[in-house]
Amino acid sequence: MQQKKSNPDLNALDAVIVGAGFAGLYMLHRFKQLGLRARILEAGGGVGGTWYWNRYPGARCDIPSLQYSYQFSPDLEQEWEWQERYAAQPEIMAYAEHVVKRFELAADIQFNTRVSAAHFDEAQHLWNVSTETSEVISARFCVMATGCLSSANDPEFAGRENFTGNWYHTGRWPHEGVDFTGQRVAVIGTGSSAIQSIPLIAEQAAELTVFQRTANFSVPAHNRPQNLQEQAAVKKDYRAFRENGRAQPIAWDTAGNERTAEEHTPEEILAECERRWDMGGLYFYGTFADLLVGKEANDIVAEFVRSKIRERVEDPALAELLSPDTIFGCKRVCADTDYFETYNRPNVALVDIAKTGIDQILADGVRANGQDYTVDAIVTATGFDAMTGSLDRIDITGKGGLKLKEKWHAGPRTYLGLTTAGFPNFFIISGPGSPSVLTNMITSIEQHVEFIADCVAWLQDKNLASIDASLEAEDEWVNHVNEVAGETLLLGCNSWYLGANVPGKPRVFMPYLGFPEYVEKCETVANNAYEGFHTASATA
Ligand code: N01
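1. So, the state of the cysteines
All told, the structure shown has 1 disulfide when counted by the stated rule. Between the sulfur atoms of C330 and its disulfide partner C493 the distance amounts to 2.0 Å. Of the two residues, C330 sits in the loop between helix 10 (316-321) and strand 12 (334-336) while C493 sits in the loop between helix 14 (471-486) and helix 15 (515-527), which places them 163 residues apart along the sequence. Residue classification places C493 among the buried residues on the basis of a relative accessible area of 6%. Between C522, a free cysteine, and C455, which holds the nearest cysteine sulfur, the sulfur-to-sulfur gap is 11 Å. Overall, the relative accessible area of 2% leaves C522 in the buried class.

2. As for the site of the ligand
Near the ligand, the surroundings consist of 24 residues, among which T190, S193, R213, T214 and K331 are the closest. Within the contact set of the ligand, an oxygen atom lies 2.6 Å away from a side-chain nitrogen or oxygen of S193. Side-chain polar atom of K331 to an oxygen atom of the ligand: 2.4 Å apart, as the coordinates give it. Compared with its free state, where it exposes 910 Å², the ligand has 90% of that area covered by protein. By residue number, the principal contributor to the shell around the ligand is helix 5 (residues 192-204), which donates 3 residues. Of the residues assigned to the shell around the ligand, the class counts are 10 nonpolar, 9 polar and 5 charged.

3. Side note on empty space enclosed by the protein
Following the criterion strictly, the structure yields 5 cavities of 30 Å³ or more and no others. Approximately 90 Å³ is the volume found for the largest cavity. Around the largest cavity, the lining residues are P412, R413, T414, P432, G433, V478, V481, N482, V508, F509 and M510. Its residues assigned to classes, the lining of the largest cavity comprises 7 nonpolar, 3 polar and 1 charged.

4. Here's the deal with the side chain of S193
Mapped onto the secondary structure, S193 falls in helix 5. The buried category is assigned to S193, whose relative accessible area is 13%. Ignoring sequence-local partners within four residues, the contact set of S193 consists of Y56, T170 and A381.

5. A closer look at the environment of S65
The topology assignment puts S65 in the loop between helix 2 (50-53) and helix 3 (74-79). Under the relative-accessibility criterion, S65 is labelled buried at 2%. Sequence-wise, S65 and L418 are 353 residues apart; in three dimensions their C-alpha atoms are separated by 26 Å. Residues contacting S65, with those up to four places away along its chain left out, are W82, E84, R85, Y86 and A87. Reaching out from S65, the side chain makes a polar contact with the backbone nitrogen of A87 at a distance of 3.1 Å.

6. Comments concerning the packing of aromatic side chains
Counted by the stated rule, this structure contains 40 aromatic pairs. Between the aromatic rings of F120 and W127, the centroid separation amounts to 5.2 Å while the plane-to-plane angle is 45°, which identifies the pairing as tilted. Classification of F120 as buried rests on a relative accessible area of 11%. Its relative accessible area of 0% is what places W127 among the buried residues. Here the aromatic residues F22, Y26, W51, Y68, Y70, F72, W80, W82, Y95 and F103 are joined through ring pairs into a cluster of three or more. Above the face of the Y52 ring, R55 is positioned so that its terminal group lies 4.9 Å from the ring centre. Positioned over the ring face of W167 is R160, at 3.9 Å from the centre of the ring.

7. A word on the pattern of salt bridges
All told, the structure shown has 27 salt bridges when counted by the stated rule. Note that R276 is salt-bridged to E272, the shortest N-O span being 3.1 Å. Of the two residues, R276 and E272 are both situated in helix 8 (residues 266-279); the distance of 4 residues between them amounts to about one turn of the helix. In this pair, the class of R276 matches that of E272, namely buried. R306 is the salt-bridge partner of E303, the closest N and O atoms lying 2.9 Å from each other. Note that E303 and R306 are positioned in helix 9 (residues 295-312) at a spacing of 3 residues, about one turn of the helix.

8. Details of the nonpolar core
One finds F22, L25, F31, Y70 and F180 to be the most contacted residues of the largest nonpolar core, which totals 135 residues. Listed in part, the 21 residues of the second largest apolar core include L13, A118, C142 and I394.

9. Here's the deal with helix 8
For helix 8, spanning 14 residues, the distance from its first C-alpha to its last is 20 Å, which sits close to the expected 20 Å at 1.5 Å a residue. Looking at the packing, one finds that the buried side of helix 8 touches strand 11 (218-220) and helix 9. Count one or two residues on from helix 8 and you reach G280, which has phi positive near 90°.

10. Description of the sheet that holds strand 15 (residues 365-368)
What links the strands of a sheet is backbone hydrogen bonding, and the strands pair in either a parallel or an antiparallel sense. The strand order across the open sheet built from 3 strands is 14-15-16, with neighbouring strands paired in antiparallel fashion. Only two strands of the sheet have a single partner each, and these edge strands are strand 14 (358-362) and strand 16 (371-374). The sheet shows a mean angle of 20° between the axes of neighbouring strands, direction not considered. Both strand 14 and strand 15 contribute to a ladder of 4 bridges, which runs antiparallel.

11. Some remarks on the environment of V219
Checked against the element boundaries, V219 lands in strand 11. Each C-alpha atom, one on V219 and one on G171, is 22 Å from the other, the two residues being 48 residues apart in sequence.

Each value, and the rule that gives it
Residues numbered from 1 in each chain as written. Predicted model: local features only at pLDDT ≥ 70, side-chain atom pairs only at ≥ 80, totals over all residues. Heavy atoms only, no water. Disulfide = S-S within 2.5 Å. Helix = DSSP H or I, 4+ residues; strand = E, 2+ residues; numbered from the N terminus. Buried < 20%, exposed > 50% of the residue type's maximum accessible area, 1.4 Å probe, protein only. Near = heavy atom within 4 Å. Polar contact = N/O pair within 3.5 Å; in protein donor to acceptor, adjacent residues only side chain to side chain. Areas by Shrake-Rupley, 256 points an atom, 1.4 Å probe, with all protein chains shown as cover. Nonpolar A, V, L, I, M, F, W, Y, C, P; charged D, E, K, R; others polar. 1 Å grid on protein atoms, 1.4 Å probe; cavity = no way out; pocket = protein on both sides within 12 Å on 5 of 7 lines; lining within 4 Å. Points joined across faces, edges and corners; volume = space filled by probe spheres on them. Contact = heavy atoms within 4.5 Å. Phe/Tyr/Trp six-rings, centres within 6.5 Å; stacked < 30°, edge-to-face > 60°. Lys NZ or Arg CZ within 6 Å of the ring centre and 35° of its normal. Salt bridge = Lys/Arg side-chain N within 4 Å of Asp/Glu carboxyl O. Core = buried A, V, L, I, M, F, W, Y, C linked by side-chain atoms within 4.5 Å. Expected span 1.5 Å × (residues − 1). Pairing = 2+ DSSP bridges. Axes fitted to C-alpha atoms, helices over the stretch in contact; angles between N-to-C directions.

Right under this line is the structure:
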């Protein structure tokens, strides 16, 4: 067994941050501004988090670039010029790398360092963070900036070990890219990653076979080069633009319709659906005010999108198979470029595995519905063990030897999605119970980072050693998150929001719906001397 070594340069750290995505980078910047010694430990070889790993063909953001960007620095906002309406993965990576240079963060980021454990030492009020490279780094604060969609979901397909071709997961794509020219390719899954990559894989591959368990709603992204006049107009008053975004339930402005579906005539309904269709992408969420709470409104929109699928796919039977019968938006809606049209190509086939799943992986292909499909390469676009996966994979131990994994065995329990009782000075950025994946992630991340930085500054100011959520506050928050979700249609399908995509994962709705209400709650907590938390002084 390798001996654990303590790094003497690092044991005087104030904070360890796990992960160098947008959350970790901004957290490091804020801690440095407070004069704290902080260090990021990052498993990957570069910054960018989810954008570092998800390099599959077509990977791009589904929130407009002008909104999916940091707002903490007006200078950064002004100097960065976005190239496309929806930035592709390389542009987002370039942005993250620019931020590292711009704010001089590189010296405090340690790459290729996967954290394996974090244990709280109660006597010292310190977190001892262990890495797979056998370092132990001690710090007063431990911040998990590990991301919501960073732990790949790898289903255990029978016979997987027998496959002799190349196997790729969209969430761990080779950095050098993959050339599928002339190959027979299988894609398993039809979520956002599949929907973005399938049109591009189909252009290269000799044959593409897509294995679909559940049809998914997707609307055209209508991506295009960034409109420079629009960019200039936003930059003229970026503050107002951001304020407006933060006032929306999903923390970016979809120009939401304030009227419910029933407040429209049938002609107006159709016109509004068409208008949204033309806007492209997730603006479709804004079609009617009651889209995610009213079944009738939802049915109207779902049927409209199905009618478009029938227009986009030439073969009516195929169109039917590709048409979801679930609630619109209860899985994250996808934004595509020519996804459905791709099934009109002669080299693309769809296999419906809704009833039986994949039977087995063969040495040279995939067996489904008793039929063998010979392929040279398999792409699993099977998503992520969302929100809790990356935390579960680390041995996190709090007070009294309490293991986070055991505490969360029936589902995650947090106070504000930021902290969990029994784990003092331990923060989770965009954790379960916070708006995170239901919002513009960067805006949610910034709000969390600022909450944590303010909280740490407050502890320093009051000369307090630690802060820990109370169980009562946590229970109340968990109940509230469930109540809010219960008022919507979001519980109505097998989504990763509910953990339903990972066999054996407890079925709990993890994110919190309503960014402005959430921000208000956080502000109230902070203004009331961090109500719902216990603090301890250094001698306690
Ligand atoms: O993953 P998913 P994803 N056998 O979980 C199927 C974000 N994202 O990587 O629906 C066969 O959505 C599964 O089937 P089912 C975005 O938030 C953003 O595509 O569970 N199939 C589903 O079809 C997104 O929501 C962008 O029945 C299996 C697919 O695999 C989130 O990441 C781009 C299976 C998984 O879909 C996740 O997206 C990409 C099995 N055993 C991703 N297990 C942007 O645009 C799973 N599946 C920013």
